Amino acid sequence: MTVAVIQFGGSNCDRDTVQALAHLGIDAELVWHEDGLPDDATGIVLPGGFSYGDYLRAGAMAARSPIMDEVREAADAGTPVLGICNGAQIGCESSLTPGAFTTNESARFQCEHVHLRVENADTPWTDHFEEGEVVEFPIAHGEGRYEIDDERLDELEADDRVLFRYCDEDGEVSPEANPNGSKHSIAGVTGERDSVAVLMPHPERVSLPDIGSTDGQGVLRAFGE
């Protein structure tokens, strides 16, 4: 089993992700986007960073890389795919998941720890958590506000495809606990298959015991199952 962590020009969380997966005993390798997806890839991560300097829109140029056609094919075949931060932006721009990420309501780069409430614990990415559990992940983004039209938002909610919402430490969802103004305080969603997900906060940054919390391990363990 090998997880392909795809590198674009400007990716900067790729090695962090490989290290976090390795700590969990999950084999992972860096894959330069021009080299194409390895035949033996059993999982895919679109890591954080600033692909192509976030020109046009965050993730827009990386989404048009030829490797993303291969990623979509793999996702349609059931291969687990996770987009984190810039990777989440790429995932939405590639139509792996609905909606889009755009400029934070504050118009500032937000770099801080936030609380998240687990909304659906019946997915590969959340089955190590309990529904309603509160976890703490870091964010680091300038374009993390999740937007989606009302009709598709209703479908997303009805289909239980919201993974996490921003909340306070007690699990209460409020405008004050929403760091970027995301609709319905959404921090992560799945695609039509729950094996595909995008998440704006960084689970790989809270996965190594030596640097603090290990709340993020629950998300990454999906690749080892």
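Each remark here, short or long, concerns the structure printed above.
Bear in mind that the values here come from a model prediction, so they are computed numbers and not experimental data. Within every chain, residues take consecutive numbers counted from 1 along the sequence as written. pLDDT decides what is reported in this predicted model: residues at 70 or higher carry local features, side-chain atom pairs at 80 or more are listed and counted, and totals for whole chains, interfaces and linings draw on all residues regardless. To get the side-chain values, take all heavy atoms of the structure and skip hydrogens and water.

For the rest of this paragraph, the subject is the overall build of the chain. Helix and strand counts for the chain come out as five helices and eleven strands. On C-alpha atoms alone, the chain measures out to a radius of gyration of 16 Å, which is about the 17 Å that the 2.2 N^0.38 rule sets for 225 residues. With respect to the three principal axes, the spread of C-alpha positions in the chain is 45 × 35 × 30 Å. The buried label applies to any residue whose accessible area, calculated with a 1.4 Å probe on protein chains only, is under 20% of its type's maximum; exposed applies above 50%, and partly exposed to all values in between. Counting every position in the chain, which comprises 225 residues, the buried fraction comes to 56%. Two residues form a contact once any of their heavy atoms are found within 4.5 Å. The long-range fraction of contacts in the chain, counting pairs at least 24 apart against all pairs at least 6 apart in sequence, stands at 76%. Per-residue accessibility takes into account occlusion by the displayed protein chains alone, with areas from the Shrake-Rupley method and a 1.4 Å probe. Of the roughly 9700 Å² of accessible surface on the chain, 43% is carried by carbon and sulfur atoms. The sign given to each residue is positive for Lys and Arg and negative for Asp and Glu; His and the chain ends receive no count. By convention, the charge on Lys lies at NZ, on Arg at CZ, on Asp at CG and on Glu at CD. Computing the positive centroid from 14 side-chain charges and the negative centroid from 44, the chain places the two 6 Å apart. A helix here means a DSSP run of H or I that spans at least four residues, while a strand means a run of E at least two residues long, and both kinds are numbered starting from the N terminus. Only C-alpha atoms enter the radius of gyration, while the globule expectation follows 2.2 Å times N to the 0.38, with N the number of residues.

If you trace the backbone, His202 turns up in the loop between strand S11 (196–199) and helix H5 (217–220). Polar contacts, as counted here, are pairs of nitrogen or oxygen atoms within 3.5 Å of one another; within protein the pair requires one atom able to donate a hydrogen and one able to accept it, and residues that are adjacent in sequence qualify only if both atoms are side-chain atoms. A polar contact of 2.7 Å, which involves the side chain of His202, links it to the side chain of Glu204. Residue contacts for His202: discarding those within four places in its chain leaves Cys13, Gly48, Ile84, Cys85, Phe137, Pro138, Ile139 and Ala140.

Within helix H2 (residues 67–76) the residues assigned to the buried category are Ile67, Met68, Val71, Ala74 and Ala75. Down the axis of H2, the buried side of the element spans an arc of 115 degrees, and every buried residue falls inside it. Away from its buried face by more than 90 degrees, H2 exposes Glu73 and Asp76. Gly78, located one to two residues past H2, shows a positive phi value of around 100 degrees. Note that the arc is defined by the directions from the helix axis to the C-beta atoms.

Across the five residues of strand S10 (residues 186–190), five count as buried, placing the element largely inside the fold. The pairing of strand S9 (residues 162–167) with S10 spans three bridges and is antiparallel. Bridging from a neighbouring strand, Phe164 pairs with Gly188 of S10. The criterion for strand pairing is that DSSP finds at least two bridges linking the strands in question. Here S10 pairs with S11 via three bridges, running antiparallel. Residue pairing in the sheet places Val189 in a bridge with Val198 of S11. Taken together, S10 and the strand that follows it, S11, pair antiparallel across an intervening segment of five residues.

Ranked by internal contacts, the top residues of the largest apolar core, which has 44 residues, are Leu21 and Phe164. Examining the composition of this core, we find that four residues originate from one element, S9, more than from any other. What Leu21 contacts, discounting residues up to four positions off in sequence, is Val3, Val5, Ile26, Ala28, Val45, Leu220 and Phe223. Core analysis: the next-biggest nonpolar cluster, separate from the first, contains 19 residues, Ala4, Val71, Leu96 and Val196 among them. For this analysis, a nonpolar core means a set of buried residues of the types Ala, Val, Leu, Ile, Met, Phe, Trp, Tyr and Cys, connected via side-chain atoms within 4.5 Å.

The next point concerns helix H1 (residues 14–23). The set of residues buried in H1 consists of Asp14, Thr17, Val18, Ala20 and Leu21. On an axial view of H1, the arc spanned by its buried residues comes to 165 degrees, and they lie on one face. Away from the buried face of H1 by more than 90 degrees, exposed residues Arg15 and Gln19 are located. Phi turns positive one or two residues past the end of H1, at Gly25, with a value near 80 degrees.

Another aspect to go through is the packing of aromatic side chains. When two rings of Phe, Tyr or Trp (its six-membered ring) have centres within 6.5 Å they constitute a pair, described as stacked for plane angles under 30 degrees, edge-to-face for angles over 60, and tilted for the intermediate range. Applying the stated criterion across every chain yields a total of five aromatic pairs. An angle of 35 degrees between the planes, with centres 6.4 Å apart, marks the rings of Phe50 and Phe109 as tilted. Within this pair, whereas Phe50 is found in the loop between strand S3 (41–46) and H2, its partner Phe109 is found in the loop between strand S5 (100–102) and strand S6 (110–118), the two being separated by 59 residues in sequence. For Phe109, a relative accessible area of 45% gives the class partly exposed.

The next thing to look at is the environment of Gly43. Within the element layout of this structure, Gly43 appears in strand S3. In sequence terms Gly43 and Ile84 are 41 residues apart; their C-alpha atoms lie 14 Å from each other. Beyond its immediate sequence surroundings of up to four residues, Gly43 is in contact with Thr2, Val3, Ala4, Thr79, Pro80 and Phe223.

The next subject is a nonpolar patch on the surface. Exposure above 30% relative accessible area and the lack of any salt bridge qualify a residue for a patch; like charges then connect within 9 Å, and the nonpolar side chains Val, Leu, Ile, Met, Phe, Trp and Tyr within 5 Å. A pairing counts as a salt bridge when a side-chain nitrogen of Lys or Arg comes within 4 Å of a carboxyl oxygen of Asp or Glu. There is a patch of nonpolar side chains on the surface, built from Tyr55, Leu56 and Met61 and spanning about 380 Å² of accessible area. Mapped onto the secondary structure, Met61 falls in the loop between S3 and H2. Residue Met61 is classed as partly exposed on the basis of its relative accessible area, which comes to 35%.

Turning to a negative patch on the surface, a few remarks are in order. A cluster of acidic residues, Asp122, Asp127, Glu131, Glu151, Asp154, Glu155, Asp159, Asp160, Asp194 and Glu225, forms a negative patch at the surface. Residue position: Glu225 is located in the segment after H5.

Keep in mind these numbers describe shape, not what the thing actually does.
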